[in-house]
Amino acid sequence: MESVNLLRERYLRQLLLEDIGEKGQVKLSKSKVLVIGVGGLGSPVCSYLSAAGVGRIGIIDCDVVEIENLQRQVIHFTGDIGRSKISSASVKMKSINPNIVVDTYFDKFTDSNGHSIAKNYDFIVDATDNFAGKFLINDICIEINKPFSHASVLKYQGRAMTIIPNKTACFRCVFNAPSKEKLESLSIAGILGVLPGIVGCIQASEAIKYILDLGELLTDTVLSMDIRTMDFRKVKVQKDLKCLACSA
């Protein structure tokens, strides 16, 4: 653990922000965030939450680093190929900031373990790359009343949304599960490597803003983007009174 003076130097540019200051930095140091998936989205999320001084960060993933990941999953390096993603990421996170605690779960986030893992954190980041996982994360977070950030990326387009259970529209309120044929086509679609970096940074921002009660969250709002044209668009959404996850 670094001395108080070194900590002040490390977080100086955040401490200078009137909305954060020492009080906010202490709040970050006492916060706990779970990141589900340590791939394209999870890489910038883990990096920036570590750098910001979030005190405890949980990471869960059951994959190992493959060479095709390196084009977009920038927390993993060539020398990490064959290593578990949580092991690779945790080393980088501690290297960025030795003052944080990193909880690692070499597992898939499922209905059987999701509740017991997620309940230990203040905020959840959905950095998964499949629809089944996204619906599951939504449902579990609604059940245990945990706020979370949703995001997805494909080709040149990305989107992000923040959900506060029992207050805002949830993932199921807005999105329907794709058909089997559509899922198969999505599974082999390409992606520009910088896109998940941009969207993951937005997710990290949402987590930090929630912890600090800072600014406006992407609640009841879907932020969509197309980086070919640099068009960013906010679409307002509403709770579905017949939603299977969050309706009364």
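Presented here is a report on the structure given in the accompanying data block. These figures come from a predicted structure and were not determined experimentally. (Residues numbered from 1 in each chain as written. Predicted model: local features only at pLDDT ≥ 70, side-chain atom pairs only at ≥ 80, totals over all residues. Heavy atoms only, no water.)

1. A look at the pairing of strand E8 (residues 231-236)
No. 1: Counting buried positions over the 6 residues of E8 gives 0, only a small fraction of the element.
No. 2: Looking at chain direction, strand E7 (residues 221-226) and E8 are connected through 6 bridges and run antiparallel. For Val222, the partnering residue across the bridge sits in E8 and is Val235.
No. 3: Where E7 folds back on E8, the antiparallel hairpin that results is connected by 4 residues, among which Met230 adopts a positive phi of roughly 60°. (Buried < 20%, exposed > 50% of the residue type's maximum accessible area, 1.4 Å probe, protein only. Helix = DSSP H or I, 4+ residues; strand = E, 2+ residues; numbered from the N terminus. Pairing = 2+ DSSP bridges.)

2. Some words on the sheet that holds strand E6 (residues 157-163)
No. 1: In space, the 8 strands of this open sheet follow the order E3-E2-E1-E4-E5-E6-E7-E8, with mixed pairing throughout. Lying at the two open borders of the sheet, with one neighbouring strand each, are strand E3 (101-105) and E8. Sheet twist, expressed as the average angle between the axes of neighbouring strands with direction ignored, equals 15°.
No. 2: Bridge count for strand E2 (residues 56-60) against E3 is 5 bridges, and the pairing is parallel. Along E3, the bridge assignment pairs Ile57 with Val102.
No. 3: Together, strand E1 (32-36), E2 and strand E4 (123-126) form the strand contacts of helix H4 (residues 42-52), whose direction differs from that of E1 by roughly 165°.
No. 4: Strands in contact with helix H10 (residues 194-212) are E1, E4, strand E5 (148-154), E6 and E7; relative to E5, the strand with the most contacts, it is inclined by about 170°. (Axes fitted to C-alpha atoms, helices over the stretch in contact; angles between N-to-C directions. Contact = heavy atoms within 4.5 Å.)

3. Considering the layout of surface pockets
Summary: where empty space remains is shown by rolling a probe the size of a single water molecule over the atoms.
No. 1: Approximately 310 Å³ is the volume found for the second largest pocket.
No. 2: At the level of elements, helix H1 (4-10) and helix H3 (21-29) are the ones that each hand at least two residues to the lining of the second largest pocket.
No. 3: Top contributing element to the lining of the second largest pocket by residue count: H3, with 4 residues.
No. 4: For the lining of the second largest pocket, the per-class residue count stands at 7 nonpolar, 5 polar and 2 charged. (1 Å grid on protein atoms, 1.4 Å probe; cavity = no way out; pocket = protein on both sides within 12 Å on 5 of 7 lines; lining within 4 Å. Points joined across faces, edges and corners; volume = space filled by probe spheres on them. Nonpolar A, V, L, I, M, F, W, Y, C, P; charged D, E, K, R; others polar.)

4. Some details on a nonpolar patch on the surface
No. 1: Taken together, the side chains of Tyr156, Leu192 and Val194 define a hydrophobic patch exposed on the protein surface, amounting to about 260 Å² of accessible area.
No. 2: Structurally, the position occupied by Val194 is in helix H10.
No. 3: Residue Val194 is classed as exposed on the basis of its relative accessible area, which comes to 51%. (Patch = residues over 30% accessible without salt bridge, like charges linked within 9 Å, V, L, I, M, F, W, Y side chains within 5 Å. Areas by Shrake-Rupley, 256 points an atom, 1.4 Å probe, with all protein chains shown as cover. Salt bridge = Lys/Arg side-chain N within 4 Å of Asp/Glu carboxyl O.)

5. Some details on the environment of Val101
No. 1: Checked against the element boundaries, Val101 lands in strand E3.
No. 2: Residue classification places Val101 among the partly exposed positions, given a relative accessible area of 34%.
No. 3: Val101 has contacts with Gly55, Arg56 and Ile57, leaving out every residue within four places of it along the chain.

6. Details of the pattern of salt bridges
No. 1: One pass over the structure, following the stated rule, counts 10 salt bridges.
No. 2: A salt bridge links Glu22 to Arg8, with the shortest nitrogen-to-oxygen separation between them at 3.1 Å. Of this pair, Glu22 sits in helix H3 while Arg8 sits in helix H1; the two residues are 14 residues apart in sequence, bridging distant segments of the chain.
No. 3: Assessed through its relative accessible area of 38%, Arg8 is described here as partly exposed.
No. 4: With its nearest N and O atoms 2.8 Å apart, the salt bridge here joins Asp139 to Arg172. Of this pair, Asp139 sits in helix H7 (residues 131-144) while Arg172 sits in helix H8 (residues 171-174); the two residues are 33 residues apart in sequence, bridging distant segments of the chain.

7. Some remarks on the packing of aromatic side chains
No. 1: This structure, assessed with the given rule, holds 3 aromatic pairs.
No. 2: When the centroid spacing of 5.3 Å and the interplanar angle of 35° are considered together, the rings of Phe123 and Tyr210 count as tilted. Here Phe123 is found in strand E4, whereas its partner Tyr210 is found in helix H10, with 87 residues between them in sequence.
No. 3: Of the aromatic side chains, those joined through ring pairs into one cluster are Phe135, Phe171 and Phe175. (Phe/Tyr/Trp six-rings, centres within 6.5 Å; stacked < 30°, edge-to-face > 60°.)

8. Here we look at H3
No. 1: When we look at burial in H3, the residues that qualify are Gly21, Gly24, Gln25 and Leu28. Buried residues of H3, seen end-on, are gathered within an arc of 100° and therefore sit on one face of the element.
No. 2: The inward-facing, buried residues of H3 contact helix H2 (12-15), H4 and H10. (Arc of directions from axis to C-beta.)

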